Amino acid sequence: MAHLRLGDEAPNFTAMTTEGEIDFHEWKKDSWAVLFSHPADFTPVCTTELGRTAALSEGFAKRNTKPIAISVDPIEDHHKWAPDIGELGGTDLNFPIIADPDKTVSELYDMIHPGEGDSSTVRSVFIISPDNKIRLTLTYPKSTGRNFDEIMRVIDSLQLTETEGLATGADWVPGDRVIISPTMSTDDAKAKFKNVEEIKPYLRFADAP
Ligand code: BEZ
């Protein structure tokens, strides 16, 4: 298994999910995707995370992004657990959970870290762009639930880079001013963006388009 890096193609796979068998690339088509692993079904932190993901479905759709979860538990357990996720999230499970009991996908994406206790997956996140490139990776321990506002924030930043060539600074949130890429001249930036301010020759802010 090769170590997956930013800019690599997200490996394709077929897998059984709560929405039936999928071919991953076919399923995501030209959307963005958030592929994220959790250690086990019927566990407290995981239930809060998947409930939160279900509750954020409008935010994901607005960003042309499809979430998909994975654990090494069998499909029967995912189906039995789904009502709890709906109860926690206040909405039915509305995204697929991959069942990976033979660990094919988990190993392909290096989601099992043997030093972390057992052979279940840690909390990995892969944000994948429409061209199937890996744009962000995150790895959290089993005991710490992820911040889904941060995942949304990164998608917003990545999409600004993709569409406008812009960057975002420390603690940026949507609505804040954005950073002009170092490859663009200040004159070109002024022609393209509003309220360009040169703090340093290499640090130029502008209003977000
Ligand atoms: C949880 O989801 O609550 C959890 C799973 C594995 C280890 C620790 C916590």
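Everything numeric in this text was worked out from a predicted model, so none of it was measured. (Residues numbered from 1 in each chain as written. Predicted model: local features only at pLDDT ≥ 70, side-chain atom pairs only at ≥ 80, totals over all residues. Heavy atoms only, no water.)

So, the overall build of the chain
Operational definition: A run of H or I in DSSP becomes a helix once it reaches four residues, and a run of E becomes a strand once it reaches two; helices and strands are each numbered from the N terminus. Note on classification: 1.4 Å probe, protein chains only; a residue is buried when its accessible area is under 20% of the maximum for its type, exposed when over 50%, partly exposed between these limits. Here, residues are in contact when the closest pair of their heavy atoms is within 4.5 Å. We treat Lys and Arg as the positive residues and Asp and Glu as the negative residues; His and chain ends play no part in the count. Think of each charge as sitting on NZ of Lys, CZ of Arg, CG of Asp or CD of Glu.
When helices and strands are tallied, the chain shows seven helices and ten strands. Oriented by its inertia axes, the alpha-carbon framework of the chain measures out at about 60 × 40 × 30 Å. When burial is assessed residue by residue, the chain has 46% of its 209 residues classed as buried. Across the chain, the fraction of contacts at a sequence separation of at least 24, relative to all contacts at a separation of at least 6, is 65%. Across the chain, the 21 positively charged side chains and the 35 negatively charged ones have centroids separated by 7 Å.

Topic: the sheet that holds strand S4 (residues 65–71)
Put simply, the rule reads: At least two bridges found by DSSP between two strands are what make those strands a pair. Whenever a helix is involved, its axis is fitted only over the stretch in contact; in every case the axis is a line through C-alpha atoms, and angles between N-to-C directions fall within 0 to 180 degrees.
With mixed pairing, seven strands are arranged side by side in an open sheet as S2-S1-S5-S4-S3-S6-S7. Because the sheet does not close on itself, it has two edges, and the strands there are strand S2 (20–23) and strand S7 (134–140). Taking each pair of neighbouring strands and ignoring which way they run, the sheet shows an average axis angle of 30°. Across the sheet, helix H2 (residues 44–55) touches strand S3 (32–37), S4, strand S5 (97–99) and strand S6 (123–128), and the angle it forms with S6 is around 20°. Where helix H4 (residues 75–89) meets the sheet, it contacts strand S1 (14–17), S4 and S5, and its direction lies at approximately 155° from that of S5.

Quick word on the site of the ligand
Heads up, the rule is: A cutoff of 4 Å decides nearness: a residue is near a molecule or strand if any of its heavy atoms lies inside that distance of it. Counting of polar contacts relies on pairs of N or O atoms within 3.5 Å, with two restrictions inside protein: one atom must be capable of donating a hydrogen and the other of accepting it, and residues adjacent in sequence are counted only when both atoms are side-chain atoms. Note on areas: Shrake-Rupley, 1.4 Å probe, and residue coverage restricted to the protein chains presented here.
Residues in close proximity to the ligand include Pro39, Thr43, Pro44, Val45, Cys46, Arg123 and Lys142, which together make up its full environment. Valine 45 is positioned such that a nitrogen or oxygen atom in its backbone is 2.6 Å from an oxygen atom of the ligand. Between cysteine 46 and the ligand, the recorded distance is 2.9 Å, taken from a backbone N or O atom to an oxygen atom. Calculation on the ligand without its partners gives an accessible area of 260 Å², and the protein chains cover 74% of this total.

Re the pairing of S7
Bridge analysis of S6 against S7 gives six bridges, and the strand direction is antiparallel. Each bridged residue has a counterpart across the sheet, and for isoleucine 127 the counterpart in S7 is leucine 136. Where S6 folds back onto S7 in an antiparallel hairpin, the turn is made up of five residues, including asparagine 132, whose phi is positive at roughly 70°.

Regarding the sheet that holds strand S9 (residues 197–200)
An order of S8-S10-S9 is seen for the three strands of this open sheet, with the pairing classed as antiparallel. The open sheet is flanked by strand S8 (178–179) and S9, the only strands paired with a single partner. Here S9 runs beside strand S10 (residues 203–206); their pairing, made up of three bridges, is antiparallel. Directly across from lysine 200, in S10, lies its bridge partner leucine 203.

Section: the packing of aromatic side chains
Keep this limit in mind: Pairing of aromatic rings covers Phe, Tyr and Trp, the last counted by its six-membered ring, and requires centre-to-centre distances within 6.5 Å; plane angles under 30 degrees mean stacked, over 60 mean edge-to-face, and any other angle means tilted.
If you walk through the whole model with that rule in mind, you get seven aromatic pairs. Relative to phenylalanine 24, the ring of phenylalanine 13 has its centre 4.7 Å away and its plane inclined at 10°; by these criteria the two rings are stacked. Taken together, the residues span a long stretch of sequence, with phenylalanine 13 in the segment before S1 and phenylalanine 24 in helix H1 (residues 24–28) at a distance of eleven residues. Looking at phenylalanine 24, the relative accessible area reads 0%, which means it is buried. A ring pair is formed by tyrosine 109 and phenylalanine 126, whose centres lie 5.0 Å apart and whose planes are at 75°; its orientation type is edge-to-face. Of this pair, tyrosine 109 sits in the loop between helix H5 (104–108) and S6 while phenylalanine 126 sits in strand S6, and the two are 17 residues apart along the sequence. Here tyrosine 109 and phenylalanine 126 have matching classes, each one buried. What links up through ring pairs into an aromatic cluster is the set Phe13, Phe24, Trp27, Tyr109 and Phe126.

A short note on the packing of H2 against H4
Geometry of a packed helix pair, given as the angle between the helix axes and the separation of the axes. Operational definition: Oblique is the label for any angle not under 35 degrees, not over 145, and not in the 65 to 115 range, which are roughly parallel, roughly antiparallel and roughly perpendicular in turn. Crossing handedness is read from the near helix: turned anticlockwise from the far helix by less than a right angle, it gives a left-handed crossing, and turned clockwise, a right-handed one. Polarity classes work like this: nonpolar for Ala, Val, Leu, Ile, Met, Phe, Trp, Tyr, Cys and Pro, charged for Asp, Glu, Lys and Arg, and polar for all others, with Gly in that last group.
At their nearest, the axes of H2 and H4 sit 8 Å apart, and the two run at 65° to each other. By the angle between their axes, H2 is roughly perpendicular relative to H4. Relative to H4, H2 is oriented so that their crossing is right-handed. Counting all contacts with H2, which are made through Cys46, Thr47, Thr48, Leu50, Gly51 and Ala55, the residues of H4 involved are Trp81, Asp84, Ile85, Leu88 and Gly89. Split into classes, the residues belonging to the contact of H2 with H4 amount to six nonpolar, four polar and one charged.

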